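Residue-level structural notes
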Amino acid sequence: MHNQGGPTQVINASCYGIIKEAKKHDDMKIYAARYGVKGILSENIIEVTDVDNDSLEILRFSPSAAFGSCRHKLKDDEFEKVLEVFIKHDIGYFLYIGGNDSMDTANRFSRYVAKNGYDIKVIGIPKTIDNDLLNTHFCPGYGSAAKYIATSIREMDFDANVYEKIS
């Protein structure tokens with residue numbers, strides 16, 4: 001049994017964008033890890049290079065996380081195993097979708113591969129749209145969006161009621 005991370009449609013939409021863009025490069029194989037980094041550690045990865053466009057469009061709007069997720073935070077002593085899997089499958093890009101812990105892990109793994117002389121590009125893709133991610137200057141998250149909508153509706157109501165009182 002594994003613990004689920006925060007599986008949301010945002011993960012699938014991000015996967016859609018990644019796969020769609022990567023498919024434009026004929027010489028590139030595309031892999032997805034089943035159950036996040038736990039899938040990498042157990043080599044439970046699937047090739048999605050040839051996924052058809054109809055399936056890709058379904059992925060774009062599917063709820064939950066199509067490839068699964070986990071709440072396992074990679075420890076420094078697990079980086080070697082991840083690197084072994086990447087080398088075995090000739091993986092040169094690691095796009096890691098997740099929240100704060102995932103962004104921290106992406107940063108730490110990026111430093112690890114650079115320090116050890118490997119040319120693997122590591123990109124953290126935020127799953128959440130929060131202002132609490134380091135170096136995020138402005139990001140309209142759920143709270144910001146909800147406040148904006150509530151304020152806008154309140155202002156429209158105020159405008160409508162003022163107009164009624166004037167007439």
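Residues numbered from 1 in each chain as written. Predicted model: local features only at pLDDT ≥ 70, side-chain atom pairs only at ≥ 80, totals over all residues. Heavy atoms only, no water.

1. Focus: the overall build of the chain
Scanning the chain from terminus to terminus reveals six helices and four strands. Secondary structure elements of the chain, listed N to C terminal, follow the sequence α-β-α-β-α-α-β-α-β-α. For the chain, with 167 residues in total, the buried portion stands at 32%. A fraction of 71% describes how many contacts in the chain between residues 6 or more apart in sequence connect residues 24 or more apart. (Helix = DSSP H or I, 4+ residues; strand = E, 2+ residues; numbered from the N terminus. Buried < 20%, exposed > 50% of the residue type's maximum accessible area, 1.4 Å probe, protein only. Contact = heavy atoms within 4.5 Å.)

2. Here's the deal with the pairing of strand β3 (residues 93–98)
Two strands pair when backbone bridges link them, and β3 and strand β4 (residues 121–126) are joined in this way by six bridges, in the parallel orientation. In the strand pairing of β4, L95 is matched with I123. With respect to chirality, the unit in which β3 leads through helix α5 (residues 100–115) into the neighbouring parallel β4 is right-handed. (Pairing = 2+ DSSP bridges. Right-handed = clockwise from strand over helix to strand, strands pointing away.)

3. A short note on a nonpolar patch on the surface
Judged by side-chain polarity, Y93, L95 and I123 come together as a nonpolar surface patch covering roughly 270 Å² of accessible area. Relative to the assigned elements, I123 resides in strand β4. What makes I123 partly exposed here is its relative accessible area of 39%. (Patch = residues over 30% accessible without salt bridge, like charges linked within 9 Å, V, L, I, M, F, W, Y side chains within 5 Å. Areas by Shrake-Rupley, 256 points an atom, 1.4 Å probe, with all protein chains shown as cover. Salt bridge = Lys/Arg side-chain N within 4 Å of Asp/Glu carboxyl O.)

4. Some details on the environment of S64
Mapped onto the elements of the fold, S64 is located in the loop between α3 (53–61) and α4 (79–88). Classification of S64 as partly exposed rests on a relative accessible area of 38%. Between the C-alpha atoms of S64 and V10, which are 54 residues apart in sequence, the distance is 8.4 Å. Apart from the residues within four sequence positions on either side, S64 is in contact with P7, T8, Q9 and N12.

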